[in-house]
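# Structure assessment
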Amino acid sequence: MSRHMIRLGKFSRIPLLGLGVTPWRAWVEVDDELRVRFGWLRFALPVERVERVCVESWRWYYGVGLRWMPQGTLALIGAPTQLVSLKLDRPSRLYAAVPIEVSTIAIGIEDAQSFAELLNARLGLSPCCCGD
């Protein structure tokens, strides 16, 4: 099992406390499952559910925290940075105070490129650019 920390910016740490996000409660673990913790939010999915792994940029004006976009993207962002976008094979219902349908999970991992390479290698996927 490998644990990868979600990057928390020095200016976003205090506002993120409202979600229970601390350096000890902001991570992703990978083995047979993809386990995610972002403050009080926790969920796990079988790693085989991930069909595409991409590295993207997150602009500062999109904000930090827990973001849900109507097209089915759940973003867990602790700082404006690069993030790893995980496209799922089918929508999943997650519970983030209310149930939401999610088809993509975007996470601001400390070393997004290394995490994407690790997950792509584990799943036998080719690296991608999400603009493809």
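Residues numbered from 1 in each chain as written. Predicted model: local features only at pLDDT ≥ 70, side-chain atom pairs only at ≥ 80, totals over all residues. Heavy atoms only, no water.

What follows deals with helix α2 (residues 112-123). Over its 12 residues, α2 runs 16 Å from end to end, which matches the ideal 16 Å to within 8%, given 1.5 Å per residue. A112, F115, A116, L119 and N120 are the residues of α2 that are buried. For α2, the angular spread of buried residues about the axis comes to 130°, placing them on one side. Downstream of α2 by one or two residues, G124 has phi in the positive range, about 70°. (Helix = DSSP H or I, 4+ residues; strand = E, 2+ residues; numbered from the N terminus. Expected span 1.5 Å × (residues − 1). Buried < 20%, exposed > 50% of the residue type's maximum accessible area, 1.4 Å probe, protein only. Arc of directions from axis to C-beta.)

A word on the nonpolar core. Core analysis: the largest hydrophobic core is formed by 33 residues, its most contacted members being V28, F43 and I107. Breaking this core down by element, the ones donating at least two residues are β2 (26-30), β3 (33-38), β4 (41-46), β5 (50-57), β7 (73-77), β8 (82-96), β9 (98-107) and α2. Those residues in contact with F43, other than ones at most four positions away along the chain, are L34, R35, V36, L74, L76, L94 and I105. Grouped together as the second largest cluster of nonpolar side chains are five residues, W58, A75, I77 and L83 included. (Core = buried A, V, L, I, M, F, W, Y, C linked by side-chain atoms within 4.5 Å. Contact = heavy atoms within 4.5 Å.)

Okay, the sheet that holds β4 next. Strands sit in the order β1-β2-β3-β4 across an open sheet of four strands; the sheet is antiparallel. Edge positions in the sheet fall to β1 (2-5) and β4, since each of these pairs with one other strand and no more. Neighbour-to-neighbour, the strand axes of this sheet turn through a mean angle of 15°, independent of strand direction. In this structure, β3 lies alongside β4, joined through six bridges in antiparallel fashion. Each residue of the ladder has a partner; that of R35, found in β4, is A44. (Pairing = 2+ DSSP bridges. Axes fitted to C-alpha atoms, helices over the stretch in contact; angles between N-to-C directions.)

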